[in-house]
Amino acid sequence: MEILFSIAILALLFSGVVAAPSDDDVFEEVRVGLVVDLSSIQGKILETSFNLALSDFYGINNGYRTRVSVLVRDSQGDPIIALAAATDLLKNAKAEAIVGAQSLQEAKLLATISEKAKVPVISTFLPSTLSLKKYDNFIQWTHDTTSEAKGITSLIQDFSCKSVVVIYEDADDWSESLQILVENFQDKGIYIARSASFAVSSSGENHMMNQLRKLKVSRASVFVVHMSEILVSRLFQCVEKLGLMEEAFAWILTARTMNYLEHFAITRSMQGVIGFKSYIPVSEEVKNFTSRLRKRMGDDTETEHSSVIIGLRAHDIACILANAVEKFSVSGKVEASSNVSADLLDTIRHSRFKGLSGDIQISDNKFISETFEIVNIGREKQRRIGLWSGGSFSQRRQIVWPGRSRKIPRHRVLAEKGEKKVLRVLVTAGNKVPHLVSVRPDPETGVNTVSGFCVEVFKTCIAPFNYELEFIPYRGNNDNLAYLLSTQRDKYDAAVGDITITSNRSLYVDFTLPYTDIGIGILTVKKKSQGMWTFFDPFEKSLWLASGAFFVLTGIVVWLVERSVNPEFQGSWGQQLSMMLWFGFSTIVFAHREKLQKMSSRFLVIVWVFVVLILTSSYSANLTSTKTISRMQLNHQMVFGGSTTSMTAKLGSINAVEAYAQLLRDGTLTHVINEIPYLSILIGNYPNDFVMTDRVTNTNGFGFMFQKGSDLVPKVSREIAKLRSLGMLKDMEKKWFQKLDSLNVHSNTEEVASTNDDDEASKRFTFRELRGLFIIAGAAHVLVLALHLFHTRQEVSRLCTKLQSFYK
């Protein structure tokens, strides 16, 4: 029985093994989406390498419980299509990770959707950029751009070069990835003499040749190139034609350019070029995988170098994802977790993996390669001349420079054969004070014509140094101008305009000596000469006549009311007439001493004294304000140059000289407080109308701005001092600080004179303004007269009654 029982158990076990489920039934599937441009060689390599790597991985690890399932979507090179494909993969296909993003636009869109869905997105195409750092779910596999920047900078310093020319592709992902290199140049004191950008769509040979001719006259002998292989091929054909591949020059290509520079793109014109490449350790596994990849790709020669970079990165990403999926599957998270993507991302971040491209560990959401291979392009192949890793070079070999020279390129003498150095000058283009700076485009050619006092001084000072000046209009704040000049060293060399020397701006740029008077002043309208009758000015003639008439009228009415009962208003007709006039005009100084008997006359005098009080107060105030010159104090009616007040906002882009003159004329402004050059222009235009009442030396005047450390600063400062000592600055001031259009001087002066007369008149009190007082006084006089006539009539009636009764 025991034997039979044992046989039965073995039979059951055997039947269980035979009836075991197929692999498809027990594997736990995790879907990963590939969003790539399948028409591009990079997209094809990524898809083929990814699938080949997974096949190899599960061939070795066939006992794993999980399988990564690849879902491929074609982006067609369009970021919008890539976004739609990623959305479909996440919502409908339930993908737990996405691999792709071949451009910066695609990367930003996919990174945005990954943040919302909490799904990892992995890219192997883009270098490290600041704009992608904010996305927690976006992972990059790239070379270390900071390490590369240090390597290129160190190499240039080995040449004892202090300046370079940067040539880059005019696209967001290329220009952004260049920023770290530019900042490193600035930190190490390497000046970017010039820069040029080219777009794939608009960079024909003629355009490239014109731009390169401008670069040829720059001070630098080292050129750094950061662009795609399509533009690189065009660039070096033009470079060779212009003679820029001779002994005096050095050309360095960045890692992003070299990593995808195919063998077919390397031409004879590139001999002597140095390039940085991501370092791939040579091994049998690498050779085997790249060999099988080429066979899968149909032996396409275009994959010669790209297959190594993209293919190996795709292989290692596939293996990392497969390992990560298996790790949290073993821990039971695939079945238990509702958020597989988050667990997958966390597992990837803590993974350590030895791949075909070396030891792999993620840092700050990046798989970074810090080691670079430095190659020297020869006639038929690239030759390794060293490695850069950990901040130092190793395995250094001699470089063969352009022109097959083994001598390190040095600075060229730029003024040879009559050539001029180009100085790129930012010029303030607000045109508010055209006497100082004016930028006007030619309506036919579109070329800017730059003129003005500041421009003439600059041209005169720079003339001895044999520079060709390229003026670039700038519209904005002068503080921002200083910052722009300091941060865009590759684009601009100097700045010219009505730029005040300040301590804040000096943090970013170097200033020359001031070429204008220093300090601020106070300008106001000149007062007309005051004659012997100036005390009549506060009131208009009509008001004087009305006041005099009411003084006389008051005396007459009081006399009429009081003469019948008050002895002081009686006497001869001469005495009574004198009393009328005396009493009326004595109210001006409140000197009337006659005692009034009637209540009506007392009422009239009280009303009239009130009117006289208002008149005298108004007269005194107006006379004081218009005829007394006192020291200035800032108030709401004054404009301080450059301050953001409502008045300056109204000026807009019109000529500020004319605007301030008009505001002073019409009384909107009483004074203008500004720097001396601005006020000098106002006085120069209208010498008979405005005067500077005070000045304070609390600003440093105008100066020219240059890059920090520029050797032109002391040279131009010496020229300014020379112009001042020879009196040439004063001559230039006389030339520019006068009316620009001499034909308008006479008419404008007459207009100002007439306007000033109107201003004086507008400041006087008129009868219309004070007519309310006279209406009150007139009503009081009418009322008193009416009462007096009424009482007189009653007395006459009583007298007539008495006479009638007497005669009866």
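Residues numbered from 1 in each chain as written. Predicted model: local features only at pLDDT ≥ 70, side-chain atom pairs only at ≥ 80, totals over all residues. Heavy atoms only, no water.

*Asks:* So, the packing of helix H6 (residues 145–158) against helix H8 (residues 179–187): which residues are in play, and what are the values?
*Replies:* The angle between the axes and the distance between the axes are what describe a pair of packed helices. It is the contact of H6 with H8, at a shortest axis distance of 9 Å, that shows an interaxial angle of 45 degrees. With respect to each other, H6 and H8 are oriented oblique. In this structure, the crossing between H6 and H8 has a hand that is right-handed. Across the interface between the two elements, Thr145, Thr146, Ala149, Lys150, Ile152, Thr153 and Ile156 of H6 pack against Ile180, Leu181, Asn184 and Phe185 of H8. Partitioning the contact of H6 with H8 into residue classes produces six nonpolar, four polar and one charged. (Axes fitted to C-alpha atoms, helices over the stretch in contact; angles between N-to-C directions. Helix = DSSP H or I, 4+ residues; strand = E, 2+ residues; numbered from the N terminus. Parallel < 35°, antiparallel > 145°, perpendicular 65-115°, else oblique. Left-handed = near helix turned anticlockwise from the far one by under 90°. Contact = heavy atoms within 4.5 Å. Nonpolar A, V, L, I, M, F, W, Y, C, P; charged D, E, K, R; others polar.)

*Asks:* Can you explain the packing of helix H24 (residues 712–725) against helix H25 (residues 728–736)? Please cite residues and give values.
*Replies:* It is at 5 Å that the axes of H24 and H25 come closest, and there the two elements cross at 80 degrees. Overall, the two elements H24 and H25 adopt an arrangement that is roughly perpendicular. Residues Ile720, Leu723 and Arg724 of H24 form the contact with H25, whose participating residues are Met728, Leu729 and Met732. Residues that form the contact of H24 with H25 fall into these classes: five nonpolar, no polar and one charged.

*Asks:* Can you break down the UniProt feature "transmembrane region" (unreviewed entry) in the protein residue by residue, with the values?
*Replies:* Per the UniProt record, the feature "transmembrane region" (unreviewed entry) sits at residues 542–561, 573–591, 603–623 and 772–790. Between the end C-alpha atoms of residues 603–623 the distance is 31 Å, and the span holds 100% helix and 0% strand. (UniProt positions renumbered as here; feature names shortened; annotations may be inferred.)

*Asks:* Hey, could you go over helix H23 (residues 676–685) for me, with residue numbers and the actual values?
*Replies:* Burial analysis of H23 places eight of its ten residues in the buried class, the great majority of the element. Within H23, the full set of buried residues consists of Ile676, Pro677, Tyr678, Leu679, Ile681, Leu682, Gly684 and Asn685. (Buried < 20%, exposed > 50% of the residue type's maximum accessible area, 1.4 Å probe, protein only.)

*Asks:* Help me get a handle on the sheet that holds strand S6 (residues 163–169), residues and values and all.
*Replies:* The strand order S7-S6-S8-S9-S10-S14-S15-S16 describes an open sheet built from eight strands, whose pairing is mixed. Of all strands in the sheet, those bounded by a partner on one side alone are strand S7 (191–198) and strand S16 (392–394). Shown here is a sheet whose adjacent strand axes are inclined to one another by a mean of 25 degrees, direction ignored. Both S6 and strand S8 (residues 222–226) contribute to a ladder of five bridges, which runs parallel. Across the sheet, valine 164 pairs through a bridge with valine 222, a residue of S8. Packed onto the sheet, helix H10 (residues 229–241) meets S6, S7, S8 and strand S9 (250–253) and runs at close to 180 degrees relative to S9. (Pairing = 2+ DSSP bridges.)

*Asks:* How would you sum up empty space enclosed by the protein? Please name residues and give values.
*Replies:* The full count for this structure, using the stated rule, is three cavities of 30 Å³ or more. Of the voids in this model, the largest cavity is the one considered here, and its volume is about 90 Å³. Around the largest cavity sit 13 residues that line it, and Thr145, Glu148, Ser177, Leu181 and His226 are the ones nearest its centre. Of all elements in the fold, only H6 and H8 reach the threshold of two or more residues within the lining of the largest cavity. For the lining of the largest cavity, the element with the highest residue contribution is H6, accounting for four residues. Residues that form the lining of the largest cavity fall into these classes: six nonpolar, five polar and two charged. Roughly 40 Å³ of volume is contained in the second largest cavity. Around the second largest cavity, the lining residues are Thr124, Phe125, Leu126, Pro127, Thr142, His143, Arg256, Asn259, Tyr260 and Arg313. At the level of elements, strand S5 (138–143) and helix H11 (255–259) are the ones that each hand at least two residues to the lining of the second largest cavity. Considering only residue class, the lining of the second largest cavity consists of four nonpolar, four polar and two charged. (1 Å grid on protein atoms, 1.4 Å probe; cavity = no way out; pocket = protein on both sides within 12 Å on 5 of 7 lines; lining within 4 Å. Points joined across faces, edges and corners; volume = space filled by probe spheres on them.)

*Asks:* Could you give an account of the pattern of salt bridges, naming the residues involved and the relevant values?
*Replies:* All chains considered together, the criterion is met by 13 salt bridges. One salt bridge in this structure joins arginine 424 and aspartate 493, with 2.8 Å as the shortest N-O distance. Note that arginine 424 is positioned in strand S17 (residues 421–428) and aspartate 493 in the loop between helix H17 (478–487) and strand S21 (494–496), a separation of 69 residues in sequence. Classification of arginine 424 as buried rests on a relative accessible area of 3%. Its relative accessible area of 7% is what places aspartate 493 among the buried residues. With a closest N to O distance of 3.2 Å, glutamate 456 and lysine 735 form a salt bridge. Here glutamate 456, found in helix H16 (residues 453–462), pairs with lysine 735, found in helix H25; they are 279 residues apart in sequence, far enough to count as distant. (Salt bridge = Lys/Arg side-chain N within 4 Å of Asp/Glu carboxyl O.)

*Asks:* With reference to specific residues and values, describe the environment of alanine 463.
*Replies:* With respect to the helices and strands, alanine 463 occurs in the loop between H16 and strand S20 (467–474). A residue is classified by how much of its surface remains accessible, and alanine 463, at 52% relative accessible area, is exposed. Sequence spacing of alanine 463 and valine 716 is 253 residues, and the spatial spacing of their C-alpha atoms is 9.7 Å.

*Asks:* Describe in detail a nonpolar patch on the surface, supporting the description with residues and values.
*Replies:* A contiguous nonpolar patch, built from Leu577, Leu581, Phe585, Ile588 and Val589 and spanning about 440 Å² of accessible area, is present on the exposed surface. Residue placement: leucine 577 occurs in helix H19 (residues 573–586). Classification of leucine 577 by relative accessible area gives partly exposed; the value is 48%. (Patch = residues over 30% accessible without salt bridge, like charges linked within 9 Å, V, L, I, M, F, W, Y side chains within 5 Å. Areas by Shrake-Rupley, 256 points an atom, 1.4 Å probe, with all protein chains shown as cover.)

*Asks:* Tell me what's going on with the packing of aromatic side chains, and back it up with residues and numbers.
*Replies:* Within the structure shown, the criterion is met by 21 aromatic pairs. A ring pair is formed by phenylalanine 236 and tryptophan 251, whose centres lie 5.3 Å apart and whose planes are at 65 degrees; its orientation type is edge-to-face. Taken together, the residues phenylalanine 236 in helix H10 and tryptophan 251 in strand S9 connect sequence positions 15 residues apart. Here phenylalanine 551 and tryptophan 608 contribute two aromatic rings whose centre-to-centre distance is 5.1 Å and whose plane-to-plane angle is 85 degrees, an arrangement assigned as edge-to-face. (Phe/Tyr/Trp six-rings, centres within 6.5 Å; stacked < 30°, edge-to-face > 60°.)

*Asks:* Tell me about the sheet that holds strand S27 (residues 705–706), and name the residues and values.
*Replies:* Strand order in the open sheet formed by five strands is S20-S17-S21-S27-S22, with mixed pairing between adjacent strands. Two strands lie at the open edges of the sheet, namely S20 and strand S22 (510–511), each paired on one side alone. Most of the contacts of H16 go to S20, to which it runs at about 155 degrees, and overall it touches S17, S20, S21 and S27.

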